[in-house]
Amino acid sequence: MNVPGFAFNPIALAIEGTIIGFMIAVPVGPAAALCIRRSITVGAVAGYMTGIGAALGDAVFGAVAAFGLSFVEDFVARREAWLLGIGGVVLTIMGWTTMRHRPRTVGDPVADDLEHRVATHFHYASSSFFITVFNPLTVMAFGAAFAGRNLAGVGASLPDAALLVAAVFCGALAWWTILCATAVSLRARFTGTGMLWLNRCSGAIIMGFGLAALISLTPLPWKDIGRALGL
C-alpha cells in the first residue's frame, strides 16, 4: 500500500500506470473504429497516428487523476451535458461522412505530396485525441482506477506523477499498436467493395456512439433503466 507522503516505488508505479493505460484503452469505442478503418483503408501509419492521438487523450486524463486536478473533474461533472452534446454531434457527423467516404485513388499526386501527408497525419491524431478527451466517462474511469490502486497521493511528487502519466501513455499506446498491427494484417483481404463496406460499418459504429450520447441527454431515468437492464 502506498501512503501519501511516502515515496512510491518507481518500477511498481510504471507497471501500474502501464496496466491502467492499457486496460482503459481496450474497450471498443469510436477511436477504435477509426483506428481499424484507417489501418485497413489507408495504412499502418494512419492507424498508428490515430492510436497516438487516443493515447495522448488518455495521458491527459491520467495527468488529471495523477495530479489530483479536482477542478477539472468538477468541470467535467458540471458540464457533462455540454460535453456529451458536443461530442455526440461531432461523432454523428464524423460517422455520417465516414459512411459516405470512398477509397482514395492510387497514385493521387495530391495525396503523395509531403505537405498533404503531414497535415493528414496531424488530422488522424487530432481527431482521435478530440474524441477521447470529449468523453466524460474517461476521466471518471481514470479517477476510479487511481483511487482503487491507492494512487491518489502520487501528485505530491512531480517525478512520480510524470512517471505515472508516461506509463499510462505507453500502456494505452501498446494497445493501439496491437490493434493497428492486427488491422493491417487483414488489409490484403479487403477488395474495393470490402473497403466500401468497411467505411459503412465503421461509420455506423461511430455514428451510433454519437447518437447514443445525444439520446442520453433526453430527460429519462437512465440510472433506473440501467439497473433494470443489469448494467
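Residues numbered from 1 in each chain as written. Predicted model: local features only at pLDDT ≥ 70, side-chain atom pairs only at ≥ 80, totals over all residues. Heavy atoms only, no water.

1. Considering the overall build of the protein
Helix and strand counts for the protein come out as ten helices and zero strands. Reading the protein from its N terminus to its C terminus gives the helix and strand order α-α-α-α-α-α-α-α-α-α. By the burial criterion, 38% of the 231 residues in the protein qualify as buried. Look at the contacts in the protein between residues 6 or more apart in sequence, and 88% of them connect residues 24 or more apart. (Helix = DSSP H or I, 4+ residues; strand = E, 2+ residues; numbered from the N terminus. Buried < 20%, exposed > 50% of the residue type's maximum accessible area, 1.4 Å probe, protein only. Contact = heavy atoms within 4.5 Å.)

2. What to know about the side chain of Ser127
Looking at where Ser127 falls in the secondary structure, it is placed in helix 6 (residues 114-133). In this structure Ser127 comes out as buried when scored by relative accessible area, which is 7%. Of the polar contacts made by the side chain of Ser127, one reaches the backbone oxygen of Tyr124; its length is 3.0 Å. (Polar contact = N/O pair within 3.5 Å; in protein donor to acceptor, adjacent residues only side chain to side chain.)

3. Here's the deal with the nonpolar core
In this structure, Ala25, Ala31, Ala32, Cys35, Ala54, Ala55, Ala172, Leu173, Trp175, Trp176, Leu179 and Cys180 together form the largest nonpolar core, which totals twelve residues. Elements supplying a minimum of two residues to this core: helix 2 (30-41), helix 3 (44-66) and helix 8 (158-185). Considering every element that reaches this core, the biggest residue donor is helix 8, with six residues. Discounting residues that sit within four places of it in the chain, Ala55 has contacts with Phe169, Ala172, Leu173 and Trp176. Ala63, Ala66, Leu164 and Val165 belong to the second-largest nonpolar core, a separate cluster that totals seven residues. (Core = buried A, V, L, I, M, F, W, Y, C linked by side-chain atoms within 4.5 Å.)

4. A look at a nonpolar patch on the surface
Taken together, the side chains of Ile11, Ile15, Ile19 and Met23 present a nonpolar region at the surface, about 430 Å² in accessible area. Following the sequence through the fold, Ile15 ends up in helix 1 (residues 10-25). The partly exposed category is assigned to Ile15, whose relative accessible area is 47%. (Patch = residues over 30% accessible without salt bridge, like charges linked within 9 Å, V, L, I, M, F, W, Y side chains within 5 Å. Areas by Shrake-Rupley, 256 points an atom, 1.4 Å probe, with all protein chains shown as cover. Salt bridge = Lys/Arg side-chain N within 4 Å of Asp/Glu carboxyl O.)

5. Considerations on the environment of Trp96
Mapped onto the fold, Trp96 is located in helix 5 (residues 80-100). A relative accessible area of 46% places Trp96 in the partly exposed class. Taking the C-alpha atoms as reference points, Trp96 and Asn199, separated by 103 residues in sequence, lie 9.8 Å from one another.

6. Looking at the confidence of the model for the protein
This prediction gives the protein a mean pLDDT of 75; 69% of its residues lie at or above 70. Mean pLDDT values for the elements of the protein range from 60 in helix 4 (residues 70-78) up to 89 in helix 8. Low pLDDT (under 50) marks residues 1-6, which in the prediction has six contacts with non-local residues, meaning those over four places away or in another chain. Low pLDDT, under 50, characterises residues 105-115; the predicted model gives this stretch six contacts beyond four residues in sequence or across chains. (pLDDT = per-residue confidence, 0-100.)

7. What to know about the packing of helix 3 against helix 8
Helix-helix packing is characterised by the crossing angle of the two axes and by the distance between the axes. The N-to-C vectors of helix 3 and helix 8 enclose an angle of 155°; their axes lie 8 Å apart at closest approach. It follows that helix 3 is roughly antiparallel to helix 8 by the angle criterion. Judged by the sense of rotation from one axis to the other, the crossing of helix 3 with helix 8 is right-handed. (Axes fitted to C-alpha atoms, helices over the stretch in contact; angles between N-to-C directions. Parallel < 35°, antiparallel > 145°, perpendicular 65-115°, else oblique. Left-handed = near helix turned anticlockwise from the far one by under 90°.)

8. Focus on the state of the cysteines
Summed over all chains, the structure comprises zero disulfides. For the unlinked cysteine Cys35, the closest cysteine sulfur is that of Cys180, found at 5.1 Å. Given a relative accessible area of 0%, Cys35 falls into the buried group. (Disulfide = S-S within 2.5 Å.)

9. Regarding the environment of Asn199
With respect to the helices, strands and loops of the structure, Asn199 is situated in helix 9 (residues 192-215). With relative accessibility at 1%, the residue Asn199 sits in the buried group. Spatially, the C-alpha atom of Asn199 lies 9.1 Å from that of Gly95, the residues being 104 residues apart in sequence.

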